[in-house]
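Below, each chain spelled out in residue letters.
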Amino acid sequence: MLDFKKLNEEYQALLEQLSNPELISDWEKFEELSKKKKELEKIIEKQKEIEEIKNKIEENKLILSSGEDQELVSLATEELKNLLDRKKISEKELIALEKINLAPKGREEASAAIIEIRAGTGGEEAALFAADLFKMYSKYGLNQNWKQRVLDSHPTGLGGFKEIIFEMENGDVFSKINYEGGVHRVQRIPTTEKGGRIHTSTASVAVLPKPKKTEIKINPADLKIDFYCASGPGGQYVQKRHTAVRITHLPTGIVATSQNERNQIRNRENALTILQAKILEKKEMVEEEKMHGKRRSQIKWAKRAEKIRTYNFPQDRVTDHRIKKSWHNLEEIMSGKLDVILKDLEKYSND
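Note that the coordinates shown come from a computational prediction; the quantities given were computed from them, not determined experimentally.

Rules used in this analysis
- Residues numbered from 1 in each chain as written.
- Predicted model: local features only at pLDDT ≥ 70, side-chain atom pairs only at ≥ 80, totals over all residues.
- Heavy atoms only, no water.
- Helix = DSSP H or I, 4+ residues; strand = E, 2+ residues; numbered from the N terminus.
- Buried < 20%, exposed > 50% of the residue type's maximum accessible area, 1.4 Å probe, protein only.
- Contact = heavy atoms within 4.5 Å.
- Areas by Shrake-Rupley, 256 points an atom, 1.4 Å probe, with all protein chains shown as cover.
- Pairing = 2+ DSSP bridges.
- Axes fitted to C-alpha atoms, helices over the stretch in contact; angles between N-to-C directions.
- Salt bridge = Lys/Arg side-chain N within 4 Å of Asp/Glu carboxyl O.
- Expected span 1.5 Å × (residues − 1).
- Arc of directions from axis to C-beta.
- Core = buried A, V, L, I, M, F, W, Y, C linked by side-chain atoms within 4.5 Å.
- Phe/Tyr/Trp six-rings, centres within 6.5 Å; stacked < 30°, edge-to-face > 60°.
- Lys NZ or Arg CZ within 6 Å of the ring centre and 35° of its normal.

## Overview of the overall build of the chain
Move 1: Check the secondary structure of the chain and you find 9 helices and 11 strands.
Move 2: Residues counted as buried form 44% of the 351 residues belonging to the chain.
Move 3: Across the chain, contacts joining residues at least 24 apart in sequence account for 61% of those joining residues at least 6 apart.
Move 4: A total accessible area of about 19,800 Å² is found for the chain, and carbon and sulfur atoms account for 51% of it.

Encoded structure:
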């Protein structure tokens, strides 16, 4: 539970910051603090409401214990029942508000998302599965009217991807697919398998919120930027010019690359977008450790190495291991009709 004494102290501190005339010149900061103020006000008001209900409950209990006026006792009995129901509802509403307040804001407030898909175990079949996942999310995004842009990719000769990183925006992208992070497993007969044996392969998915411009500030002096030739399937160079970009954030050691565009400037922008998202992810991981033991959704914080879902083609079944639920019509799901899964995950997360 939240410490309401600290919450009130934080609220008073926010009021002082918002009363500072110099803040008007920083409109984005003003909006950020105003939004936080509204969040805290909702929690404080809800807590006051619960305290008032508790006081009324005690008053009615005193009337019942006295038992002097039967008509008054009858009214108190009915009101007590209503008050207990109201208290239960208000406490649930308070818990929901607490969840919003405790969640790292990079995730909860983000709309755009950076999705990273990497082939895992299974060789070329894993790379093909990574491509299938990319197509699945792309088609789902297309149905949602989201804009998509590939930031970096490393294709294979058979049409798969060792890795592909892409951005999706123009809607509530992150809130809809933030449950997809983790290891996805496929069981099927590869097209390259002549003996008809079922293979098991994996691909990992990371869903990162795209930071706002003011959220992650990077000092240019902290960056090491290298340029090199872009490579295609098999590792051969596809361009003689050094258009591919590798950016290393020296304080954290985080590296981001991009070779998808044909010029350095765009690849540099793409690599910076990826880098900012990865820095925010690292920052959130530290915050998550500090929040240990506090109320938060289990499935929203799936680690990259955690197996979350199996796609079993022979049995036409998709199983999400976190909520222990399966769905059929696998081909339909792989064609981008993910709502049936995402809605169940969201429901489970909010319960």
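Anyway, onward from the coordinates.
## A few points about the sheet that holds strand 8 (residues 254-258)
Move 1: Sheet architecture is open: 3 strands sit in the order 6-7-8, paired in antiparallel fashion. A single partner strand is all that each edge strand has here, and the edge strands are strand 6 (223-228) and strand 8. Along the sheet, successive strands turn relative to each other by an average axial angle of 15°, direction set aside.

## Thoughts on the sheet that holds strand 10 (residues 317-320)
Move 1: Read across the open sheet, the 8 strands follow the order 2-3-1-5-4-9-10-11; overall the sheet is mixed. This sheet does not close on itself; its edge strands, each paired only once, are strand 2 (147-155) and strand 11 (325-327). Each neighbouring strand pair of the sheet contributes to a mean axis angle of 20°, computed without reference to strand direction.
Move 2: Sheet analysis places strand 2 next to strand 3 (residues 161-169), joined by 8 bridges and oriented antiparallel. The residue bridging Pro155 from the neighbouring strand is Phe161, located in strand 3.
Move 3: Contacting strand 1 (113-119), strand 2, strand 3, strand 4 (182-188), strand 5 (199-209) and strand 9 (307-312), helix 5 (residues 123-143) crosses the sheet at an angle of about 10° to strand 3.

## Observations regarding the pattern of salt bridges
Move 1: Tallied over the entire structure, the rule returns 22 salt bridges.
Move 2: In this structure, Lys37 and Glu41 form a salt bridge, with 2.9 Å as the shortest nitrogen-oxygen distance. One end of the pair, Lys37, and the other, Glu41, are both in helix 2 (residues 27-66), 4 residues apart, so they sit about a helical turn from each other.
Move 3: With its nearest N and O atoms 3.5 Å apart, the salt bridge here joins Lys46 to Glu49. Of this pair, Lys46 and Glu49 are both found in helix 2, 3 residues apart, which corresponds to roughly one turn of the helix.
Move 4: On the basis of relative accessible area, Lys46 is assigned to the buried category, the value being 14%.
Move 5: Given the relative accessible area of 28%, Glu49 is considered partly exposed.
Move 6: Residues participating in the shared-partner salt-bridge network are Glu116, Arg118, Glu163 and Lys278.

## Observations concerning the pairing of strand 4
Move 1: Burial analysis of strand 4 places 6 of its 7 residues in the buried class, which makes it a mostly covered element.
Move 2: Across 5 bridges, the pairing between strand 4 and strand 9 is parallel. From the neighbouring strand, Val183 faces strand 9, where its bridge partner is Lys307.

## Thoughts on helix 1 (residues 4-18)
Move 1: Here helix 1 contains 15 residues, and its C-alpha end-to-end distance of 21 Å stays within 8% of the 21 Å for a straight helix at 1.5 Å per residue.
Move 2: Taken together, the buried positions of helix 1 are Phe4, Leu7, Tyr11, Leu14 and Leu18. All buried residues of helix 1 fall inside an arc of 70° around its axis, so they share one side. For helix 1, the exposed residues lying more than 90 degrees away from the buried face are Lys5, Lys6 and Glu16.

## Considerations on the side chain of Thr202
Move 1: As for its placement among the helices and strands, Thr202 is situated in strand 5.
Move 2: With residues near it in sequence (within four places) discarded, Thr202 still touches Ala119, Gly120, Thr121, Ala126, Phe129, Val183, His184 and Arg185.

## What to know about the nonpolar core
Move 1: Among the nonpolar cores identified, the biggest contains 36 residues, and Ile115, Ile117, Leu133, Phe166 and Tyr311 are the most heavily contacted of them.
Move 2: Breaking this core down by element, the ones donating at least two residues are strand 1, helix 5, strand 3, helix 6 (173-177), strand 5, helix 8 (330-334) and helix 9 (339-350).
Move 3: The element contributing the most residues to this core is helix 5, with 8 residues.
Move 4: What Ile117 contacts, discounting residues up to four positions off in sequence, is Ala130, Leu133, Phe134, Tyr137, Lys162, Glu163, Ile164, Phe166, Ser204 and Val205.
Move 5: Listed in part, the 18 residues of the second largest apolar core include Leu208, Ile254, Leu272 and Ile274.

## Focus: the packing of aromatic side chains
Any pair of aromatic rings gets described here by the distance separating the centres and the angle formed by the planes.
Move 1: Within this structure, the stated rule accounts for 4 aromatic pairs.
Move 2: Ring geometry for Phe134 versus Phe161: centroids 5.9 Å apart, planes at 80°, classification edge-to-face. In this pair, Phe134 sits in helix 5 while Phe161 sits in strand 3, placing the two residues 27 residues apart along the sequence.
Move 3: For Phe161, a relative accessible area of 15% gives the class buried.
Move 4: Taken together, the aromatic side chains of Phe134, Phe161 and Phe166 make up a single cluster linked through ring pairs.
Move 5: Positioned above the aromatic ring of Phe313, the side-chain terminus of Arg188 is 5.2 Å from the ring centre.

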